[in-house]
Amino acid sequence: MVTDTNKPATNVTVKTRANAASYDIAIGCGLVAAAGAWAARVLPGTPGRAAIISNRKVFGLYGGAVKKGLENAGFEPHVHLIGDGERFKSLRTLESTLGFLSGSKLTRTDSVIALGGGVVGDLAGFAASIYLRGISFLQIPTTLLSMIDSSVGGKTGVNSSFGKNLIGSFYQPHGVLIDTATLATLPAREVTAGFCEAIKQGAIGGRPLLDRTSAILEKLEGDRLKVRLDDYAFSASFSAFLAAQVSFKARIVAGDERESTGKTDARSRKVLNFGHTFGHALEKATNYRYFRHGEAVGHGIRFAAALSKNLELLGQNDVELLNDVVRRAGGLPAVDKIDPGEIFATLQYDKKMINDSLQWVLLERIGKPVIFPHAKIPRAALAASFKQIISG
Ligand code: NAD
Ligand code: GLY
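For every chain, the first residue of the written sequence is number 1, and numbering continues from 1 onward in sequence order. The order in which chains are written sets their letters, starting at A; the order in which ligands are written sets their numbers, starting at 1. The model is predicted, so local features are restricted to residues of pLDDT at least 70 and side-chain atom pairs to those at 80 or more, both for listing and for counting; the totals for chains, interfaces and linings are taken over all residues. To obtain the side-chain values, all non-hydrogen atoms of the structure were included, while hydrogens and water were left out.

Quick look at the site of ligand 2 now. Being near a molecule or strand, for a residue, means having at least one of its heavy atoms within 4 Å of it. Surrounding ligand 2, one finds Asp-149, Lys-155, Lys-249, Glu-259, Arg-269 and Leu-272. Between ligand 2 and Lys-249 there is a distance of 2.6 Å, counted from an oxygen atom to a side-chain nitrogen or oxygen. Accessible areas in this description were obtained via Shrake-Rupley with a 1.4 Å probe; residue shielding takes into account the shown protein chains only. For ligand 2, the protein covers 88% of the area, taking 200 Å² as the surface of the free molecule. Classifying every residue of the shell around ligand 2 gives one nonpolar, no polar and five charged. For this analysis, a polar contact is any N or O atom pair within 3.5 Å, provided that within protein one partner can donate a hydrogen and the other can accept it, and provided that sequence-adjacent residues contribute only side-chain to side-chain pairs. Residue type decides the class: Asp, Glu, Lys and Arg count as charged, Ala, Val, Leu, Ile, Met, Phe, Trp, Tyr, Cys and Pro as nonpolar, and the leftover types, Gly among them, as polar.

Written as structure tokens, this is what we have:
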């Protein structure tokens, strides 16, 4: 495990809900070693019991350092490991986690710390939001996707027999600690999945953010992050890239924390769903077993770009640019064997529906998202867009 605290650290402060609540997002290389001192600084009150929620794999890699740091800072850590994978983001795991918090005698002055990817973060955050009607919560994300997206913005929740992420809450953490060194052990598919979410944010955020994301992918030149993070200059630019990504998401969340149903402008939280309508349909049509979430979003970005072009909203240059950056993020599992009829059938019911009507996030140009009603999209445009993404 790399714990070189001489590597550059970039600290970003995120503001949510028009400054009523704000929290620190610390970004740098080797920060998990200092997690205890950081937790003592960002949590209210004096150090008390801290429930670390993680899974066996991530805790085996980074849990020892986090636990030791917490002990050194005066906390009493209690460790709860959940199963690894989307199917463990469930009501059953939630119940056992709440049982653990209660069994460890956590009180309202204690805290929950999520150490892991989006699955751990979403579940631990939801548990923290409902245990004793809400106790303090910290995020230590360890996947690229969770660093730039799920750990920031306060969406928490679990999956259920009714659907994915349909049960949850908005619950902001007291702080987020992003240690880029943890990415050294991240499997290549997870790196690609994380970059797809970064490209999504670039596509809706504007050229500077997209170009910065593209430049990082260029610098990787197919190398694993592990290799490149040992390079001081790369590590510094990578932290700056994460800071730009996180700041963009934080800005959107600050303006529309609860994704208000009536807000449909280019800065509404809904725009963060760019690439997700088709992405979710792909995940659903393949029973959530074939794609990593970010990979499905990668296809979703290409589909939304093609659809935007077919509806004469977006120019061909921007479509090509997006296709090119997604390609650079890494190979995505093929979609050509999936029946498009099945994919489009899953669009009948989607969490992004407002008043029974599905809304797409499309693009007028990079950085100019537009919310577009499904009812106004001809079936032929959907079919043509599908053909285009499988042929190119
Ligand atoms: P994940 O949490 O399943 O992690 C992916 C895999 O990487 C797991 O096997 C995990 O054990 C492993 N892993 C994590 N960190 C590692 C490390 N440093 N080294 C080696 N292996 C490591 O997947 P994810 O992509 O992080 O998150 C996906 C989840 O996030 C989905 O449930 C999705 O719905 C949710 N999500 C939530 C939001 C939000 O705003 N709350 C946003 C996007 C996605
Ligand atoms: N990942 C979408 C959001 O946070 O709103």
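Our next topic: the nonpolar core. With 74 residues, the main nonpolar core has Phe-195, Phe-238 and Trp-360 as its most contacted residues. Put simply, DSSP H or I for four residues or longer makes a helix, DSSP E for two residues or longer makes a strand, and each gets a number counted from the N terminus. At nine residues, helix 9 (residues 232-255) tops the list of elements feeding residues into this core. Remark: nonpolar core denotes a set of buried residues (Ala, Val, Leu, Ile, Met, Phe, Trp, Tyr, Cys) joined through side-chain atoms within 4.5 Å. Working definition: with a 1.4 Å probe on protein chains only, accessible area under 20% of the residue-type maximum means buried, over 50% means exposed, and in between means partly exposed.

Moving on, we get to the pairing of strand 3 (residues 49-55). Here is the key point about a regular strand: its side chains alternate between the two faces of the sheet. Most of strand 3 sits inside the fold, with six of its seven residues counted as buried. Any two strands between which DSSP finds at least two bridges are classified as paired. Sheet topology places strand 3 next to strand 4 (residues 76-82); seven bridges connect them, and they run parallel. From the neighbouring strand, Asn-55 faces strand 4, where its bridge partner is Ile-82. In terms of strand pairing, strand 3 meets strand 5 (residues 111-116) through four bridges, oriented parallel. Looking at the pairing, Ala-50 lines up with Ser-111 of strand 5.

Inspection of the region around ligand 1 gives 27 residues, with Gly-118, Thr-142, Thr-143, Lys-164 and Thr-185 positioned closest. In this structure, an oxygen atom belonging to ligand 1 sits 2.7 Å away from a side-chain N or O atom of Lys-164. Expressed as a share of its isolated accessible area of 860 Å², the protein-covered part of ligand 1 is 93%. Among the secondary structure elements, those contributing two or more residues to the shell around ligand 1 are helix 2 (56-72), helix 4 (118-130), helix 5 (144-150) and strand 8 (163-170). Ranked by the residues each element gives to the shell around ligand 1, the list is headed by helix 2, at four residues. The class makeup of the residues in the shell around ligand 1 is seven nonpolar, nine polar and eleven charged.

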